[in-house]
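# Close look at the chain arrangement
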Amino acid sequence: MKVKNLLRKGFSPADAVDGGDTPSHHSYYSSSSYSTPSSTVSSASSLQSNLSLQTLPSVPSLQTALSPDSALHLSVAHALTSSLATPPHLRHGHNSTVSSLAVHNHLLYAASGNQISVYDVSTPGSLNLLDSFCGNDPSSGSVKSIAFCKGNVISSHQSGKIKIWRFEKQSNKHKLVTTLPTVNDKLRHLIFPASYVQVRRHKKRMWIEHNDAVSGLAVNEELMCSVSWDRSLKIWRPSDFKCQQSIPAHEDAVNAVVVSKDGVVYTGCADGRIRVWARPGTGNKYVLIATLEKHRSAVNALALSADGGTLFSGACDRSILVWEREDSAGFMAVTGALRGHGKAILCLINHGDMLMSGSADKTVRIWARGGDGSFCCLAVLDGHRSPVKSVAAVSGSGGAISVYSGGLDGEIRAWEVTVSDSVKNSCAAFLLNQT
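Each chain has its residues counted from 1, running along the sequence as written. In view of the model being predicted, local features appear only for residues whose pLDDT reaches at least 70, and side-chain atom pairs are presented and counted only at 80 or more, with totals across whole chains, interfaces and linings using the full set of residues. Working from all heavy atoms in the structure, the side-chain values ignore hydrogens and water.

## Examining unusual backbone geometry
The omega torsion of the bond from Leu 180 to Pro 181 falls at -5°, within 30 degrees of zero and hence cis. Look at Asn 105: it is not a glycine, yet its phi comes out positive at around 50°. Only DSSP runs of H or I reaching four residues or more are called helices, and only runs of E reaching two or more are called strands; each is numbered from the N terminus. Turning to its location among the elements, Asn 105 is positioned in the loop between strand 2 (98-104) and strand 3 (107-112). One non-glycine residue with positive phi stands out, namely His 202, at about 65°. Structurally, the position occupied by His 202 is in the loop between strand 10 (196-200) and strand 11 (203-206).

## Points about the pattern of salt bridges
For this analysis, a salt bridge means a side-chain nitrogen from Lys or Arg found within 4 Å of a carboxyl oxygen belonging to Asp or Glu. Within the structure shown, the criterion is met by 15 salt bridges. Residue Glu 411 is joined to Arg 385 by a salt bridge in which the shortest nitrogen-to-oxygen separation is 4.0 Å. One end of the pair, Glu 411, is in strand 30 (residues 411-418); the other, Arg 385, is in the loop between strand 27 (375-382) and strand 28 (388-395), with 26 residues separating them in the sequence. Note on Glu 411: relative accessible area 4%, which makes it buried. Here the salt bridges share partners, and the residues they tie into one network are Arg 385, Asp 409, Glu 411 and Arg 413. Note on classification: 1.4 Å probe, protein chains only; a residue is buried when its accessible area is under 20% of the maximum for its type, exposed when over 50%, partly exposed between these limits.

## Section: the UniProt feature "repeat: WD" (unreviewed entry) in the protein chain
With numbering matched to this structure, UniProt assigns "repeat: WD" (unreviewed entry) to residues 247-277, 292-324, 338-367 and 381-425. Along residues 247-277, the helical share is 0% and the strand share 58%, with 10 Å between the first and last C-alpha atoms. UniProt positions are given in the numbering used here, feature names are shortened, and annotations may be inferred rather than shown by experiment.

## As for the sheet that holds strand 18 (residues 273-278)
Criterion used throughout: strands pair if DSSP finds at least two bridges between them. Spatial ordering of the open sheet is given by 16-17-18-19, a layout of four strands whose pairing is antiparallel. Of all strands in the sheet, those with a lone pairing partner are strand 16 (254-259) and strand 19 (287-293), marking the two edges. Adjacent strand axes in the sheet meet at a mean angle of 20°, parallel and antiparallel pairs treated alike. Relative to strand 17 (residues 265-269), strand 16 runs antiparallel, the two being bridged by five bridges. Paired with Val 258 across the bridge in strand 17 is Tyr 266. In this analysis, axes come from line fits to C-alpha atoms, helices being fitted only over the stretch in contact, and the angle between any two N-to-C directions falls in the range 0 to 180 degrees.

## A short note on the sheet that holds strand 12 (residues 214-219)
In space, the four strands of this open sheet follow the order 12-13-14-15, with antiparallel pairing throughout. Single-partner strands in this sheet number two, and they are strand 12 and strand 15 (242-248). Within the sheet, the average angular offset between the axes of one strand and its neighbour, ignoring direction, is 20°. As paired strands, strand 13 (residues 224-228) and strand 14 (residues 232-237) are joined by four bridges and run antiparallel to one another. Looking at the pairing, Ser 226 lines up with Lys 234 of strand 14.

## Overview of a nonpolar patch on the surface
In this analysis, a patch consists of residues with relative accessible area above 30% that form no salt bridge, clustered at 9 Å for like charges and at 5 Å for the nonpolar side chains Val, Leu, Ile, Met, Phe, Trp and Tyr. Here the open area of atoms and residues is found with the Shrake-Rupley method and a 1.4 Å probe, where only the protein chains shown may cover a residue. A surface patch of nonpolar side chains, about 620 Å² in accessible area, is lined by Val 183, Leu 187, Leu 190, Ile 191, Phe 192 and Tyr 196. Checked against the element boundaries, Leu 187 lands in helix 7 (residues 183-189). The exposure class of Leu 187 is exposed, given its relative accessible area of 52%.

## Thoughts on the packing of aromatic side chains
When two rings of Phe, Tyr or Trp (its six-membered ring) have centres within 6.5 Å they constitute a pair, described as stacked for plane angles under 30 degrees, edge-to-face for angles over 60, and tilted for the intermediate range. On inspection of all chains with the given rule, the structure shows three aromatic pairs. Geometrically, the ring pair formed by Tyr 109 and Phe 148 is edge-to-face, given 5.2 Å between the ring centres and 65° between the ring planes. Pair noted here: Tyr 109 is in strand 3 and Phe 148 is in strand 6 (residues 143-149), with a separation of 39 residues, a long-range link.

## Describing the pairing of strand 22 (residues 320-325)
Along strand 22, five of the six residues are buried, which leaves the element largely enclosed by surrounding structure. Sheet analysis places strand 21 (residues 310-315) next to strand 22, joined by five bridges and oriented antiparallel. Its bridge partner lying in strand 22, Gly 314 is registered against Ile 320. Where strand 21 folds back onto strand 22 in an antiparallel hairpin, the turn is made up of four residues, including Arg 318, whose phi is positive at roughly 75°.

Below, the structure written as structure tokens:
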């Protein structure tokens, strides 16, 4: 029975090695209990082969199988250019998993345990360590997510903390700017009883604070969003990082969040639901406008197309669902599924006109979209010896894309992928001819 419950809540190998030494982690396993299920954790390795639930036969596939002749014309050049294991001095006990990867200004940020390592990737195929930070405060717990906002680096943590860092070019070091909620924000709410909410029996906290692991961050020009295993969504103002709103978003742990340029927020939950949040009219507060229910298991990852009109969701059911905006009360409608991964989808990113997915099957898949909305899988990057927990990408010259993938064993792999315009056009033409 324990195995069944963990799968429903999105248990994956990531959780078996991702900071299970804090009380907040224990609450992820059970919404109503804060005790440690030691027998379940100890059997995590046996769960690895069963962590993907049944796929979604009721949702039509959006991809077209390529014939051998067509596949020759649609081949994409890709090669492993570098492989890097987490340095021994950065490993913290058993927790050496790469929990998050993000690229900003030709710098690759890699979170492993409670440490963030920064690599200079300005030269394609190279991973040159530039800085390591965040590891001096083990009480924060492991890093769950990394984002960027107005020149700052933002990290979310197992302890419920969100930290703001700034890179100093002169020293090539990152310095801590503040921790959210800020001191000023806390002082504004300190004396008001309404500022406190019940989080456990005999324990209250300010509503501006997360009381469990902050699992995801999302940023646009006007706001920053954070989601947590405490089931909440919080909205922060980037100018001074004031918490503007806290929403009880789901009935279970929230695993993922994305925000579009026009401010629509999507949250993915361990109960398989995706919820859509927006500000109606001229209102300042976010409200629920839609609940998307198609996945049969925990939603682990979300990604948005560049224009915000398409949402991608990945779950333990091994499927990537594609949702399109529509002018109805439902706001979003599922148009189909992308299948091919053999186990749970753990991460998704949209890069230009391509989608990249990392899975517990130890592979990264690169998908291209045709003009009619169909997809084809351009490449499968394999070689990881453990599930792929995080993916990042940056465009180079001549159509080359540097793709970085992080595994649960702490290995980071750098790939050079070349997708020419002729390949994209050929793929689009092939998909169009199949309709």
